[in-house]
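Observations on chain architecture
One-letter residues, chain by chain:
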Amino acid sequence: MAITTVDGIIAGAQPPRYFFKVLTGTLVAGRPFAPWALAGIPGAWPAPAGGLNGSNVTANNGQIPFTNPGSGNSYLSRFASTVTQLGTLLLVDVLWENSGLVVTSTSAQAITQPTLPARDANGATNGDGVLIGLRIVTATGAGANVPQITYTNQAGTTGKTANPIVAYAASSAAGSFYPFALAAGDTGVRSVTSYINTVSMSSGSVSLVAYRVLASLDVGTIVGNALGPIDLGFPQLYDNTTMALIFIPSTTTTSTIQGIVSVSQG
Amino acid sequence: MALTTLAGVISGLSPQINVIKAGASGSAGRHMSPWYASTSPPAATANSSGVSGAALTNPETGGLPWVSPGSGETVVARTNIRANTTGTTAQQSEVILIDRLWHNSGINATLTTSQTITSAAFPARDVNQSTNGDGVLLALEVSTAATVGTPTITVTYTNQAGTGSRTATNIVSTTATSGVGSFYILSLQAGDTGVQSVQSYIQSVGWTSAVVHLVAFRVIAFMPCFNMNNASMPMLKSVMEEDVIQHAAPRVFDGSVLQTIGTAQSTSSPQTFGQIILASG
C-alpha cells in the first residue's frame, strides 16, 4: 500500500518530532557540520563502532525518532527549521558508519562493507542516491590530507574513486563533515572498498558514513523555512530510516538549530 | 471517528483562534513563553500546584481558547502567525504551538541541592495519546525574573520506556537576569524520545529572586517566521501562513492546553499575533 492522495497524507499524519541543538564547536563557512554527537534533542549520537568494515545503521540513540509503520509506507511530510545563521540544513538517512580508520596511515585501508540496508533511493541495496561522507569524530591534527575512497557504484562497477567536495582542512574540528564526490556517471555508492590518506592527519578520529539526503532546507538569520509534503516531493522513508541533520553554515558563529520533522504513514 | 480526508478537514473547520500576546524582554537565542503575558488568551498567574505539579486539561487560563470536540479528531488546519517588534530590531525566529501537559511550582531557585519531585501523572497526550511520555519534553519557565546567577539546570526523569535515572540539562545557557516568560528547554538523554515523569531537580548555582516552574509539553506545530524588513515601515513583519497540508495535519488531542513559545532574537519584546484555525471531525 502507498499514500497516493492528499487524503492519505492527512489520514496517515504522525505527530511531529522536534529537534533542538546548540551548534558548539568550530563552524567554517561552507563546510558541512554534523551535530550528531552534541547533546540536546535528540540526545547525542554514540561514538561509531564496527571497525573498518563498519555496521549498518538501523537505529541510533542520537537519531530523530522514527517508528516503522504497522503496515504501508512512510513518507516525509514536513521539514521546518530555524537556525541562527544563514545556511542549508540537510535531513539525511544514515545507512552505515565505520570506525577504526588509522588517521596517521598513508596506506590503503581495506574495507569490506556489509550489504547496505534496503534504503537507497529505490528502497534497494544497490546504493542509488547513497553518498559517502567523512565525519570528524574527534578533532584531527596537522596535515593537509586529501582523503580518497575507492568504491563500488550503484551499478556494481568497482574501482571508482572520489575525494571530498569541500577540501579537507588540517585540524578539522569535531563535527566537521566532508561529503565525497561521485565519479562521473555515478548516482550513488553501493559499498566502500578502501580509504587512503595522502598525508597523516596526526591525531583525532574519523569515520566514513553512508547516507542519503532526504530533504534540503535553506534557512537564514531570523528567517526560518518550512517545506510541506508537496514541496518536499513526498520522499519515501524506508523501514528503519535513521534520520540525522547536517548543516552547511555561512559563518563561524555558534548557532542554535531547531525545528520539526513530520512523517505520514499509510 | 478520525479525520482522514481534506473534505473532512474543510467540513470540520472551527472559527479562528486569535493569538495576541504582548512580548517580554528576552535574550537572543532563548525561548520565551507568553504564558504570563496579556492579551489573548489572558495572562495566566504563576501556578501554585506544588513540586509534584498538576496535569493540565483545557480549559486552563493562559491556554488558547478552544474546546475539545465531543468526539473525533482535531488537526491544525491553518496558521497565520506573526512576531513583531517596532523599530529595526530583530524579532522571534519562529512560533511553536505546544500542548502544555503539566507544570509545577515550589522549586527553590536559591538551592544547589537536589529537590525531590514526584510528578503527578501526565495526561494521556504523548505522541501515541498515552501516558508513556513519547514526544513529551521538559522546560524550565520563569514566572518571576531572576537577578543573579547562571545555573545549569539538571532534571532527573523517567523516560518513555519507563527507565529511570535519566538526566536532562538546559540546552541554552541560563542568564542571570532571565525575565518573566524565559523558557529553557531541557535536553533528552541519548536514546530517549520523551519524558514520562520527573524525579528531581537541581541547580549548579543559586538563582537570586527567580521563581521557576518545570513544564512538560509536546510540540504540535512549528511555524518559522520570515523577516520582511522594510526600512520605511515602522513595524517589522514576520509572516508565515500555512494550511493543513503544509503542516502535514498535526493532531491536537482532546484536552490539550495550547500555547505558543518562540525564540527571541534580541532583548526586544516581540508581540505574537495571528490566527490559528483548527478542524475537528
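Preceding block: the structure.
An account of the accompanying structure is given in this report. As the structure is a prediction and not an experimental result, all values here were calculated from the model. (Residues numbered from 1 in each chain as written. Chains lettered and ligands numbered in written order. Predicted model: local features only at pLDDT ≥ 70, side-chain atom pairs only at ≥ 80, totals over all residues. Heavy atoms only, no water.)

So, about the sheet that holds strand E9 (residues 153–159) of chain B. Residue and element names in this part refer to chain B. One open sheet holds the four strands; their spatial order is E7-E12-E9-E10, and the pairing between them is antiparallel. Two strands in the sheet have a free side with no partner beyond their single neighbour: strand E7 (115–116) and strand E10 (166–169). Inspection of the sheet shows E7 paired to strand E12 (residues 195–203) by two bridges, in the antiparallel sense. Bridge assignment links Thr 116 to a residue of E12, and that residue is Ser 200. (Pairing = 2+ DSSP bridges. Helix = DSSP H or I, 4+ residues; strand = E, 2+ residues; numbered from the N terminus.)

Residue and element names in this part refer to chain A. Taken as a whole, this structure holds 10 aromatic pairs over all chains when the rule is applied. Look at Phe 19 and Phe 79: their rings are 6.4 Å apart centre to centre, the planes differ by 45°, and that puts the pair in the tilted class. Here Phe 19 is found in strand E1 (residues 17–23), whereas its partner Phe 79 is found in strand E3 (residues 74–83), with 60 residues between them in sequence. Its relative accessible area of 2% is what places Phe 19 among the buried residues. Between the aromatic rings of Tyr 75 and Phe 234, the centroid separation amounts to 4.5 Å while the plane-to-plane angle is 5°, which identifies the pairing as stacked. Note that Tyr 75 is positioned in strand E3 and Phe 234 in the loop between helix H2 (229–232) and strand E13 (236–237), a separation of 159 residues in sequence. This pair shows no difference in class: Tyr 75 is buried, exactly as Phe 234 is. Three or more aromatic residues link up through ring pairs in this structure, and these residues are Trp 36, Trp 45, Phe 177 and Tyr 211. (Phe/Tyr/Trp six-rings, centres within 6.5 Å; stacked < 30°, edge-to-face > 60°. Buried < 20%, exposed > 50% of the residue type's maximum accessible area, 1.4 Å probe, protein only.)

Turning our attention to the sheet that holds strand E8 (residues 160–162) of chain A. Within a sheet, each strand pairs with its neighbour through backbone hydrogen bonds, oriented either parallel or antiparallel. Residue and element names in this part refer to chain A. Taking strand neighbours across the sheet as the criterion, the four strands line up as E5-E10-E7-E8 in an open arrangement whose pairing is antiparallel. Each edge of the sheet is formed by a strand with only one pairing partner; in this case those strands are strand E5 (109–110) and E8. Pairing between strand E7 (residues 148–153) and strand E10 (residues 189–196): six bridges, direction antiparallel. Note on E10: the bridge partner recorded for Gln 148 is Ile 196.

The interface of chain B with chain A comprises 45 residues on the first partner and 37 residues on the second. Across the chain B/chain A interface, buried area totals approximately 3300 Å², and carbon plus sulfur atoms make up 68% of it. Broken down residue by residue, the surface that chain B buries against chain A is led by B:Ile171, B:Phe222 and B:Ile245, which jointly contribute 19%. Joining chain B to chain A, the criterion identifies two salt bridges. Between B:Glu242 and A:Arg78 there is a salt bridge whose closest N-O contact spans 2.6 Å. Between chain B and chain A we count 13 residue pairs in polar contact (both at pLDDT 80 or more) in total. Looking at the side of chain B that touches chain A, the element that brings in the most residues is strand E13 (residues 211–224) of chain B, giving five residues. Looking at side-chain class alone, the side of chain B that touches chain A contains 24 nonpolar, 16 polar and five charged residues. (Contact = heavy atoms within 4.5 Å. Buried area = accessible area lost by both parts, 1.4 Å probe. Salt bridge = Lys/Arg side-chain N within 4 Å of Asp/Glu carboxyl O. Polar contact = N/O pair within 3.5 Å; in protein donor to acceptor, adjacent residues only side chain to side chain. Nonpolar A, V, L, I, M, F, W, Y, C, P; charged D, E, K, R; others polar.)

Further remarks concern the layout of surface pockets. All names here are of chain A. There is about 250 Å³ of room inside the largest pocket. Along the walls of the largest pocket sit 16 residues, with Gln 14, Pro 15, Arg 17, Thr 67 and Gln 265 positioned nearest its centre. Ranked by residues supplied to the lining of the largest pocket, first place goes to strand E15 (residues 255–265) with three residues. Among the residues making up the lining of the largest pocket, the classes are represented as eight nonpolar, six polar and two charged. Approximately 170 Å³ is the volume found for the second largest pocket. Along its surface, the second largest pocket is lined by 14 residues, and Ala 59, Asn 60, Gln 63, Pro 65 and Phe 66 are the ones closest to its centre. (1 Å grid on protein atoms, 1.4 Å probe; cavity = no way out; pocket = protein on both sides within 12 Å on 5 of 7 lines; lining within 4 Å. Points joined across faces, edges and corners; volume = space filled by probe spheres on them.)

Before going further, it helps to spend a moment on the pairing of strand E1 (residues 17–21) of chain B. Residues and elements named next belong to chain B. A one-sided burial pattern is seen for E1, the buried positions being Ile 17, Val 19 and Lys 21 and the unburied ones Asn 18 and Ile 20. As paired strands, E1 and strand E18 (residues 271–280) are joined by five bridges and run antiparallel to one another. Across the sheet, the residue bridging to Ile 17 is Ile 276, located in E18.

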